[in-house]
Amino acid sequence: MSWLSIPGLEYLSPEWIVGTLGVIGVFTVLFVEMGLLVGLVLPGDSMLFLAGVAASGTANTAIGVQLPIEVLLIGAPISTFLGSQLGYFIGRKFGPRVFNRPDGKYFNQRRVDQTQKWLLRYGVGKALFLSRFIPIVRTLINPMCGVAKIELRKFVLANAFSSVTWGAGFIALGFFIGERLAGSFEKYLLPTTLLIFFLTLLPLFGELLRSYRERKAEGERFRSCNENAAL
C-alpha cells in the first residue's frame, strides 16, 4: 500500500511531491504551508523526511529520484522561514478582519486568545518551535502571531531558529536512515512515514488534553462559586 494508491490524496502525498516535483516542489510546499492558510492540508514533517531519503544512497530504489542533500539542507529552512514571515505579515495586516468573525471555523477570536495564552505560557521561541511539529498549528501560528502583535524582532529570531532545526532536522533524519537502510528501505517506507505522521500528532493531542482539563477545572470552579453564592 502507498499514499499514491489512496484516491484523491495522490497530489498531497509526500511521495508524489518529492518524487514528481523534486526540490522545487518541496520548497514550494514548505513556503505555502507556512505562509498561506490553504497550507493547512499540506504535509510537512513526512515530506521533509522523504526528501532526506531522496538524497541518500537508497533514493532511486525507495523514491525513484535523487535529490541534492546540500540544496535541501539550505533551501528547506529558507523556504520555511520566508513562508512563516509571510504568514506573520498577513496576520498583522489582515488578521483582525478574519479572526474576529464569530462564525469562523478555523479563524476566530477564540483561536487568537488560545494562541496568546500559548505564547504567554511558552514564550515566542518555544511556542514557534513546538508548533513546527504540530500539523495545522504550524500554519495557523504565524498569522496569529501577527494578529497578536508579537514584536517583529522576536518573531524573526524565533522563526529563524525553529526553521533551521525543524527544516534541516527532518531532512537529516531521513538522509541518515536512508543511508543506514540502503537496499531494504523501500519496504519500510510507508510504515516509517506513517509513524512520523502520528508522532507529530502527539503534541497536538497533548495540547487538546491539557486544554480540556483546563476547561473542566474552570467549569468546576464556576459551579463551586455558584453553589457557594446560592448558600
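Quantities reported herein were computed from a predicted structural model and do not represent experimental measurements. (Residues numbered from 1 in each chain as written. Predicted model: local features only at pLDDT ≥ 70, side-chain atom pairs only at ≥ 80, totals over all residues. Heavy atoms only, no water.)

Re the environment of Val65
Let me state the cut-off plainly: Helix and strand labels come from DSSP, where a helix needs a run of H or I of at least four residues and a strand needs a run of E of at least two; each type is numbered from the N terminus. Any two residues whose heavy atoms approach within 4.5 Å at even a single point are treated as in contact.
Structurally, Val65 is set in the loop between α3 (59–62) and α4 (69–99). Apart from residues no more than four positions distant in its own chain, Val65 is found in contact with Val18, Gly19, Ala54, Ala59 and Asn60.

Quick word on the nonpolar core
For clarity, the threshold we go by: By nonpolar core we mean a set of buried residues, namely Ala, Val, Leu, Ile, Met, Phe, Trp, Tyr and Cys, connected to one another through side-chain atoms within 4.5 Å. The cut-offs for exposure are 20% and 50% of the maximum accessible area for each residue type, with area from a 1.4 Å probe on protein chains only; residues under the lower value are buried, those over the upper are exposed, and the others partly exposed.
The biggest cluster of nonpolar side chains holds 27 residues, and the ones touching the most others in it are Val18 and Leu72. Every element with two or more residues in this core is listed here: α1 (14–35), α2 (45–53), α4 and α7 (152–180). Residue contacts for Val18: discarding those within four places in its chain leaves Val26, Met47, Leu50, Ala51, Ala54, Ile63, Val65 and Leu67. The next biggest cluster of nonpolar side chains, apart from the first, holds 14 residues, and it includes Tyr88, Tyr122, Ile141 and Phe155.

Details of α2
Across the nine residues that make up α2, a large majority, nine, are buried. If you check which residues of α2 are buried, you get Asp45, Ser46, Met47, Leu48, Phe49, Leu50, Ala51, Gly52 and Val53.

Section: the packing of aromatic side chains
How two aromatic rings sit relative to each other is given by the distance of their centres and the angle of their planes. Where we set the bar: A pair of aromatic rings is counted whenever rings of Phe, Tyr or Trp (Trp by its six-membered ring) have centres within 6.5 Å, and the orientation is called stacked for planes under 30 degrees apart, edge-to-face for over 60 and tilted otherwise.
Tallied over the full model, the rule gives five aromatic pairs. Geometrically, the ring pair formed by Tyr88 and Phe89 is edge-to-face, given 5.4 Å between the ring centres and 75 degrees between the ring planes. Given a relative accessible area of 1%, Tyr88 falls into the buried group. Arranged with centres 6.0 Å apart and planes meeting at 40 degrees, the rings of Phe129 and Phe161 form a pair that is tilted. With a gap of 32 residues between them, Phe129 in helix α5 (residues 109–131) and Phe161 in helix α7 connect regions that are remote in the sequence. Connected via pairs of aromatic rings, a cluster forms that spans Phe129, Phe133, Phe161 and Phe170.

Quick look at the pattern of salt bridges
Inclusion rule: A side-chain nitrogen of Lys or Arg and a carboxyl oxygen of Asp or Glu constitute a salt bridge if their distance falls within 4 Å.
Per the counting criterion, the structure on display carries two salt bridges. Where Arg138 meets Glu33, a salt bridge forms, and the shortest distance between an N and an O atom there is 2.8 Å. Linking Arg138 in helix α6 (residues 137–147) with Glu33 in helix α1, this pair joins segments that are 105 residues apart in sequence. Considered together, Arg138 and Glu33 belong to a single accessibility category, that of buried residues. Between Asp45 and Arg138 there is a salt bridge, with its nearest N and O atoms 3.0 Å apart. You can see Asp45 sitting in helix α2 and its partner Arg138 sitting in helix α6, a full 93 residues away along the chain.

Re α1
Applicable threshold: Given the number of residues in a helix, its expected span is that number minus one, multiplied by 1.5 Å. Bend is the name given here to the angle between axes fitted to two runs of seven residues, the run ending at a residue and the run starting at it.
With 22 residues, α1 ought to run about 32 Å at 1.5 Å a step, yet its terminal C-alpha atoms sit only 19 Å apart, falling short of that. Largest kink in α1: about 130 degrees, centred on Leu21.

Quick word on unusual backbone geometry
One non-glycine residue, Lys149, adopts positive backbone phi at about 65 degrees. Mapped onto the fold, Lys149 is located in the loop between α6 and α7.

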